[in-house]
Amino acid sequence: MLAEYNKSAVADRFSRCAERYQQHADLQSESANILGALLRERLLYKQGEQQSKQTQIANCILDLGCGPGIQGPRLRSFAAQYVGVDIASGMLAKAVRTNADSNLYIQADMENLPFTTNSFDLVYSNLAVQWSNNPLQLLQELQRITKPGGVIAFSTVLNDSLQPLARLRSGFLNRTAVNEQPTLRDWLAWCKLAGFQSVISEERTVSGWFQNVASLLRSISAIGADHQGNKQAPKLGVAEYTAICKGYEHYRTSQGLPLNYQLGFFALEVNDASC
Ligand SMILES: C[S@@+](CC[C@H](N)C(=O)[O-])C[C@H]1O[C@@H](n2cnc3c(N)ncnc32)[C@H](O)[C@@H]1O
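Residues numbered from 1 in each chain as written. Predicted model: local features only at pLDDT ≥ 70, side-chain atom pairs only at ≥ 80, totals over all residues. Heavy atoms only, no water.

This part covers the packing of helix α8 (residues 213-222) against helix α9 (residues 238-248). It is the contact of α8 with α9, at a shortest axis distance of 10 Å, that shows an interaxial angle of 105°. The orientation of α8 with respect to α9, classified from their angle, is roughly perpendicular. For the pair formed by α8 and α9, the contact residues are Val213, Ala214, Leu216 and Leu217 on the first element and Tyr241, Ile244, Cys245 and Tyr248 on the second. Residue composition of the contact of α8 with α9, by class: eight nonpolar, no polar and no charged. (Axes fitted to C-alpha atoms, helices over the stretch in contact; angles between N-to-C directions. Helix = DSSP H or I, 4+ residues; strand = E, 2+ residues; numbered from the N terminus. Parallel < 35°, antiparallel > 145°, perpendicular 65-115°, else oblique. Contact = heavy atoms within 4.5 Å. Nonpolar A, V, L, I, M, F, W, Y, C, P; charged D, E, K, R; others polar.)

Taken together, 19 residues sit near the ligand, with Gly65, Asp86, Asp109, Met110 and Asn126 positioned nearest. Taking Asp86, its side chain carries an N or O atom lying 2.6 Å from an oxygen atom of the ligand. The separation between an oxygen atom of the ligand and a polar side-chain atom of Asn126 is 2.9 Å. Burial of the ligand by the surrounding chains reaches 99%, relative to a free accessible area of 600 Å². Per element, the largest residue contribution to the shell around the ligand is four residues, and it comes from helix α1 (residues 7-21). By residue class, the composition of the shell around the ligand is twelve nonpolar, four polar and three charged. (Near = heavy atom within 4 Å. Polar contact = N/O pair within 3.5 Å; in protein donor to acceptor, adjacent residues only side chain to side chain. Areas by Shrake-Rupley, 256 points an atom, 1.4 Å probe, with all protein chains shown as cover.)

Right, let's get into the environment of Gly264. With respect to the helices, strands and loops of the structure, Gly264 is situated in strand β7 (residues 257-269). Residue Gly264 is classed as buried on the basis of its relative accessible area, which comes to 0%. Distance from Gly264 to Leu158, taken between C-alpha atoms, is 6.2 Å for residues 106 residues apart in sequence. Each residue touching Gly264, except ones within four places of it in the same chain, is listed here: Phe154, Ser155, Thr156, Leu158, Leu184 and Glu202. (Buried < 20%, exposed > 50% of the residue type's maximum accessible area, 1.4 Å probe, protein only.)

Our focus in this paragraph is α8. Judged by how many residues are buried, α8 sits mostly within the fold: seven of ten residues are covered. Where α8 is concerned, the buried positions are Val213, Ser215, Leu216, Ser219, Ile220, Ser221 and Ala222. Where α8 is buried, its residues meet α1, α6 (165-173), β6 (198-210), α9 and β7. N-cap assignment for α8: the residue whose side-chain oxygen lies 3.4 Å from the backbone N of Ala214 is Asn212.

Below is the structure:
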């Protein structure tokens, strides 16, 4: 069963991560590169359709779950106008300081966005929609605020992430120790139910490498990925920590200890009634 997130707890957790987030955000950067490539492919295809030579392909872009605004400069090259939305005030404060513009950022919940219908040409979201409590409703909300013919591009964490840590912890606790996440097929089914006809998707394993279990666990906590919805996260006791350190050595390579995330990448086109 998917986790039910307490939104104010999620906002607090991410606000507390804001200052040190970027130095642990290699996964986010890699995911943003893959999503950017998928988006360019999708947009170039659309541009080709329109025989257009312009480099700015959208008037208005929304960066949903923008965090500390790391992707802001890159996204602004796609569009004349950029808006970042996040639920965590601490993340937004950091984004404003980094990008020196307070007009671009708005605090809101992704499932209840303060925008009128058909506001954006492009909705972009890197590793944020896994915090949705209702992915179908979220897709419908994104469809509502995107113009017909516009594009929604997002990446998300899928089931079977945080491996082999999750397996080692479940083996010790005899129960699952991480948030259950949807599969790529779940997301494709929600896209279909929401009525999207043109959907590109891709699943990739993205790995981080660590010298020891302590630094691996710190990396998870620094990006807020240890937050566990309403239920209490199982604390790591000394006996479990020792067992995990021992078990993890079986996975060590010349790069160090792996932490594997399963990520899903999607580019959806909002149906254009005129086509
Ligand atoms: C892993 S961070 C990704 C940040 C940024 N997109 C990046 O690529 O660096 C996830 C972000 O989603 C935000 N978030 C979580 N739940 C949210 C919600 N319900 N509405 C809006 N933002 C949310 C968090 O505050 C956090 O900043």
